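# Chain and residue survey
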Amino acid sequence: MKMKRVVVGLSGGVDSSVTAYLLKEQGYEVIGLFMKNWHDDSVTISNECPWLEDSNDAMIVAEKLGVPFQVVDLSEQYKERIVDYMFDEYSKGRTPNPDVLCNREIKFDVFMDIALQLGADYVATGHYCRKSEEEIDGKMIYKLLAGKDNNKDQSYFLCQLSQQQLAKALFPIGELTKPEVREIAKKADLITAEKKDSQGLCFIGKVRLPEFLQQKLQPKDGKIVTIPSNFVQYTKPAPKFKNKEAALNYFSTKFTYQKEDGKIVGKHQGAHYFTKGQRKGLNVGGTKEALYVIETDVKENIIYTGEGKNHAGLYRNVLFVTNEEIHWIREDLALISGEIMQVEARIRYRQQLEKAMLYKVESGLYVEFENKQSAIQEGQFVAWYKNEELIGSGVIA
């Protein structure tokens, strides 16, 4: 029987190194590819994960394992599909998630195409998540499951994958914990065994986000306004609703502010550099508790803040996803208008899963959380699960 060929995205980190090692042990024919997605070192923080060092480590690992290795330059596609999109979203006052996009657009699209051209049967990555398959109504269905290591579960980053992409994907370390992965790397004498996890943007490395954004988005002075915790919109009683959809629409609508609603407490360099829930970088002193961004107005260039992490302006329990932005990994479970589904959901990586209800309506999908969520931010992804399985996701409207 012919050996199955797997192309591994070797990033120069311990997770992808052990991924390649395990596949080799399992008898696959392994090829290592390093994706070079970024050229501009001026915005990365020096010595933190420069791509050169990473590609070097990836090459040493490939040599050690005796697998062919090459570097592929995807910087053009990365700029087009990820970086330009990020600039566009931030300029509109939204907060994109480049890691989720990077998986959908680069690793499991552009990179996967290259792998398939190399005759690969599968593409493997060092993600902490699992995959299973089941035949349902005569059709093979692929499932994306949370990683065994609760601390490291990275299924959220893959929430935009399709059945076609999952069919060709392997996640060999999904059953392991991070300490187990390091132990395997140590035993196999891999150079990356003790290497620190890279932080920052997918494949760019550690980036100073304001400086990164300043390449395209010009600084402009604006005011920081703080909104009192007894602001009238927080305390006014909800109206009577004619149906559930009207109630969901009401509770998913974010608070709006005018400059007159609070007091000016400082200045900033551009509302588009800030995101809801952010605490760092405001540089305003003299408050009892830290200030948090509760809203940004990029048109008027005003940042609205609230004192303390329990400020009412940070919390909502309903969000909306438009039809164009709803994505079902499990297409067979997709809701039609009028249907509801009990799920667990999260709006950011590493957040605990929270009980929620999905309501499909004509114009899109409402996600109603049992508990109020802090800093629901347009542009971010909400992902929903059933029993450890990630079944769908969407961009928050």
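The structure under discussion appears in the preceding block.
Residues numbered from 1 in each chain as written. Predicted model: local features only at pLDDT ≥ 70, side-chain atom pairs only at ≥ 80, totals over all residues. Heavy atoms only, no water.

With that settled, the discussion passes to the sheet that holds strand β10 (residues 291-297). The strands making up a sheet are joined through hydrogen bonds of the backbone, oriented either antiparallel or parallel. Strand order in the open sheet formed by four strands is β9-β8-β11-β10, with mixed pairing between adjacent strands. Lying at the two open borders of the sheet, with one neighbouring strand each, are β9 (263-268) and β10. Across the sheet, the mean angle from the axis of one strand to that of its neighbour is 30 degrees, orientation sign disregarded. Here strand β8 (residues 222-226) runs beside β9; their pairing, made up of five bridges, is antiparallel. Bridged to Lys-223 within β9 is Lys-267. (Pairing = 2+ DSSP bridges. Helix = DSSP H or I, 4+ residues; strand = E, 2+ residues; numbered from the N terminus. Axes fitted to C-alpha atoms, helices over the stretch in contact; angles between N-to-C directions.)

A word on the environment of Lys-36. Mapping Lys-36 onto the fold places it in strand β2 (residues 29-36). Residue Lys-36 is classed as buried on the basis of its relative accessible area, which comes to 12%. The spacing of Lys-36 and Pro-98 is 62 residues in sequence and 16 Å in space, taken between C-alpha atoms. The contacts of Lys-36, once residues within four sequence positions are left out, are Trp-51, Val-71, Val-72, Asp-73, Leu-74 and Ser-75. (Buried < 20%, exposed > 50% of the residue type's maximum accessible area, 1.4 Å probe, protein only. Contact = heavy atoms within 4.5 Å.)

Within the secondary structure layout, Lys-276 lies in the loop between β9 and β10. In this structure the side chain of Lys-276 is engaged in a polar contact, spanning 3.3 Å, whose partner is the side chain of Glu-295. With residues up to four places along the chain from it excluded, the contact list for Lys-276 reads Lys-254, Val-293, Ile-294, Glu-295, Arg-316, Ala-375, Ile-376, Gln-377 and Glu-378. (Polar contact = N/O pair within 3.5 Å; in protein donor to acceptor, adjacent residues only side chain to side chain.)

The principal kink in helix α3 (residues 75-91), of about 25 degrees, is found at Val-83. Turning to α3, its buried residues number three or more, namely Ser-75, Tyr-78, Ile-82, Val-83, Met-86, Phe-87, Glu-89 and Tyr-90. Where α3 ends, the next residue or the one after it, Gly-93, has phi of about 80 degrees, a positive value. (Bend = angle between axes of the 7 residues up to and from the residue.)

Direction vectors running N to C along α3 and helix α4 (residues 98-117) enclose 165 degrees, while the axes themselves pass 10 Å from each other. Here α4 runs roughly antiparallel to α3, going by the angle between their axes. In this structure, α3 meets α4 at a crossing whose hand is right-handed. Side by side, α3 and α4 meet where Gln-77, Tyr-78, Arg-81, Ile-82, Tyr-85 and Met-86 of the first sit next to Pro-98, Leu-101, Cys-102, Glu-105, Ile-106, Asp-109 and Val-110 of the second. The residue makeup of the contact of α3 with α4, split by class, is nine nonpolar, one polar and three charged. (Parallel < 35°, antiparallel > 145°, perpendicular 65-115°, else oblique. Left-handed = near helix turned anticlockwise from the far one by under 90°. Nonpolar A, V, L, I, M, F, W, Y, C, P; charged D, E, K, R; others polar.)

Spatially, β3-β2-β1-β4-β7 is the arrangement adopted by the five strands of the open sheet, whose pairing is parallel. Strands at the two margins of the open sheet, each flanked by one partner only, are β3 (69-73) and β7 (169-170). Pairing of strand β1 (residues 5-9) with strand β4 (residues 122-124), which is carried by three bridges, proceeds in the parallel orientation. Each bridged residue has a counterpart across the sheet, and for Val-8 the counterpart in β4 is Ala-124. Strands β1, β2, β4 and β7 of the sheet are contacted by helix α1 (residues 14-25), whose axis makes an angle of about 165 degrees with β1. With respect to the sheet, α4 is in contact with β1, β2, β3, β4 and β7, its orientation differing from that of β2 by roughly 125 degrees.

Across soluble globular proteins, you tend to see nonpolar side chains buried next to one another. The biggest cluster of nonpolar side chains holds 52 residues, and the ones touching the most others in it are Leu-74, Ile-106, Phe-111, Leu-144 and Phe-171. Among the elements of the structure, β2, α3, α4, β6 (139-146), β10, β17 (381-386) and β18 (389-395) are those that each provide at least two residues to this core. Per-element tally for this core: the top contributor is α4, with 10 residues. (Core = buried A, V, L, I, M, F, W, Y, C linked by side-chain atoms within 4.5 Å.)

With that settled, consider empty space enclosed by the protein. Tallying each qualifying case throughout the model produces two cavities of 30 Å³ or more. Elements represented by at least two residues in the lining of the largest cavity include exactly β10 and β12 (315-322). Partitioning the lining of the largest cavity into residue classes produces seven nonpolar, two polar and four charged. (1 Å grid on protein atoms, 1.4 Å probe; cavity = no way out; pocket = protein on both sides within 12 Å on 5 of 7 lines; lining within 4 Å. Points joined across faces, edges and corners; volume = space filled by probe spheres on them.)

The next subject is the packing of aromatic side chains. Evaluated as defined, the whole model comprises 12 aromatic pairs. Ring centres of Phe-241 and Tyr-250 lie 5.3 Å apart, and the angle between their planes is 55 degrees; this geometry places the pair in the tilted category. Classification of Phe-241 by relative accessible area gives partly exposed; the value is 29%. Grouped by ring-pair contacts, the aromatic residues Phe-231, Tyr-234, Phe-255, Tyr-257 and Tyr-304 constitute a single cluster. (Phe/Tyr/Trp six-rings, centres within 6.5 Å; stacked < 30°, edge-to-face > 60°.)

Along the chain, the position of Phe-231 falls in the loop between β8 and α8 (232-235). Separated by 128 residues in sequence, Phe-231 and Asn-103 have C-alpha atoms that sit 41 Å apart. Apart from the residues lying within four places of it in its own chain, the contact partners of Phe-231 are Thr-256, Tyr-257 and Asp-261.

Phi is positive for Asp-137, close to 50 degrees, though the residue is something other than glycine. Within the secondary structure layout, Asp-137 lies in the loop between β5 (129-136) and β6. Its relative accessible area of 79% is what places Asp-137 among the exposed residues. Of note in this structure, Asp-189 is not a glycine but carries a positive phi near 60 degrees. Relative to the assigned elements, Asp-189 resides in the loop between α6 (178-187) and α7 (209-214). Judged by relative accessible area, Asp-189 falls into the exposed class, the value being 52%.

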